Amino acid sequence: MNFSEVIGQEEVWNRLMQMVKEDRLPHAIMLCGPQGVGKKALATAFACYLLGDSGYDDGGLQASESARQSSRNVQVMLQKLEHPDLHFTFPTIKLPSMSTDHIPVSDDFIREWRELMLRGPYFSMDDWMTAIGAENQQAIITAGESDELVRKLSLKSSQGGYKVSVIWLPERMNIACANKLLKLIEEPPQQTVFIMVCEEPDKLLETIRSRVQRIDVKRIEKETICKELVERRGIDEAAANRISRLANGSWMKALEELQVGTENEQFLDLFILLMRLAYQRKVKDLRKWSETLASFGREKQKRFLEYFLRMIRENFVYNFGQQELCYMTQKEEDFSRNFARFVNEANVLEIYDLANLSIRDIGQNANSKIVFFDFALKMIVLLIQK
């Protein structure tokens, strides 16, 4: 994988290249930013760059045929993400087929990871959970993962260069793993580079955050997304303009907008149904609504609640008549035209608190039927405050 597969983010890439050029590359980097802006793509492309072989010797002279062949072999391995000095760490789950004493590690799912990455590095946790056949589980990075990293990184580099560890979502490490990783970062093996891809850095141990160089990855420019949609996806310019605005700096969101029957459309239908049933105070139907949500996996449940929060924000802003500040699809706006007045200064903060509390409860493995039924009943009261 190379930088040409990354959407935008030239500023961050140039900064990384400058670090290498000036020989001041830190041993631990943390790329932080919102979902879908290309952190994972950047991390993987940079890792491949560090592990790549130029095909020239140290004196700048063209290398021998054997050296060029070695370089070609390295490039083939990197294209398949199978380089022996490239190590991926990511959240995993325990499958029913695993023995009771087995602690899941990334190598258990490396085939699925590579397949998903090679299809495109812009994917969400929900996409990853689907790829590994997870249902009602929450993926974490286990203590066994840090033990594996210690073992792998203690080995000598197979190509005599860097060893690179790419860690996706380190905030999902359990405390035992975080403490072991901290020790590894404090005393890193020679020529080892850690590249963390983080969306919620505040959930990481402060001691880890203080030992990595944080680089913030900004949202992608609207013009860049529009240009890439036209050139890479063959979308006409008018449609590309609309999608790039809705994407709000996320290439992953832009790709979702291209799909028919997306998850967001399902979430919008559930959002509309909740609001209508709550307004009509149909408790029995709300119970059926909560059972529908409870049938989703926990990651998808949290994604719905995040979508709910976004729609509350958009409807609150819509009340002020500032359409240029709203980021909704046509279908979302059609509903909000009549509904937005029900989200106002009298209830918006309480609605936000309710949704965030539900996200916390789902994250702590609370009974989802109870969480969503309670959520729906409280929405009846909150919608009255208009």
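To keep things clear, this report deals only with the structure shown in the data block. (Residues numbered from 1 in each chain as written. Predicted model: local features only at pLDDT ≥ 70, side-chain atom pairs only at ≥ 80, totals over all residues. Heavy atoms only, no water.)

### Regarding the layout of surface pockets
In this structure, the largest pocket spans a volume of roughly 1500 Å³. As for the largest pocket, its lining consists of 37 residues, of which Gln35, Glu199, Lys302, Arg303 and Glu306 are closest to the centre. Taken together, the elements giving at least two residues each to the lining of the largest pocket come down to helix H10 (237-247), helix H11 (251-258), helix H12 (263-280), helix H14 (298-318) and helix H16 (348-363). Ranked by residue count, the leading element in the lining of the largest pocket is H14, at nine residues. Partitioning the lining of the largest pocket into residue classes produces 13 nonpolar, eight polar and 16 charged. Estimates place the volume of the second largest pocket at around 550 Å³. Along the wall of the second largest pocket there are 22 residues; nearest its centre are Tyr122, Phe123, Asp127, Leu255 and Gln259. At the level of elements, helix H4 (110-119), helix H5 (125-131), helix H9 (222-233), H11 and H12 are the ones that each hand at least two residues to the lining of the second largest pocket. Residue contributions to the lining of the second largest pocket peak at four residues, all from H11. (1 Å grid on protein atoms, 1.4 Å probe; cavity = no way out; pocket = protein on both sides within 12 Å on 5 of 7 lines; lining within 4 Å. Points joined across faces, edges and corners; volume = space filled by probe spheres on them. Helix = DSSP H or I, 4+ residues; strand = E, 2+ residues; numbered from the N terminus. Nonpolar A, V, L, I, M, F, W, Y, C, P; charged D, E, K, R; others polar.)

### Considering H12
With 18 residues, H12 should reach 26 Å at 1.5 Å per residue; the first-to-last C-alpha distance of 26 Å fits that figure. Within the span of H12, buried status applies to Asn264, Phe267, Leu268, Leu270, Phe271, Ile272, Leu274, Met275, Leu277 and Ala278. Where H12 is buried, its residues touch H11, helix H13 (283-294), H14, helix H15 (330-339) and helix H17 (368-384). Where H12 terminates, the next one or two residues include Arg281, which has phi positive at roughly 60 degrees. (Expected span 1.5 Å × (residues − 1). Buried < 20%, exposed > 50% of the residue type's maximum accessible area, 1.4 Å probe, protein only. Contact = heavy atoms within 4.5 Å.)

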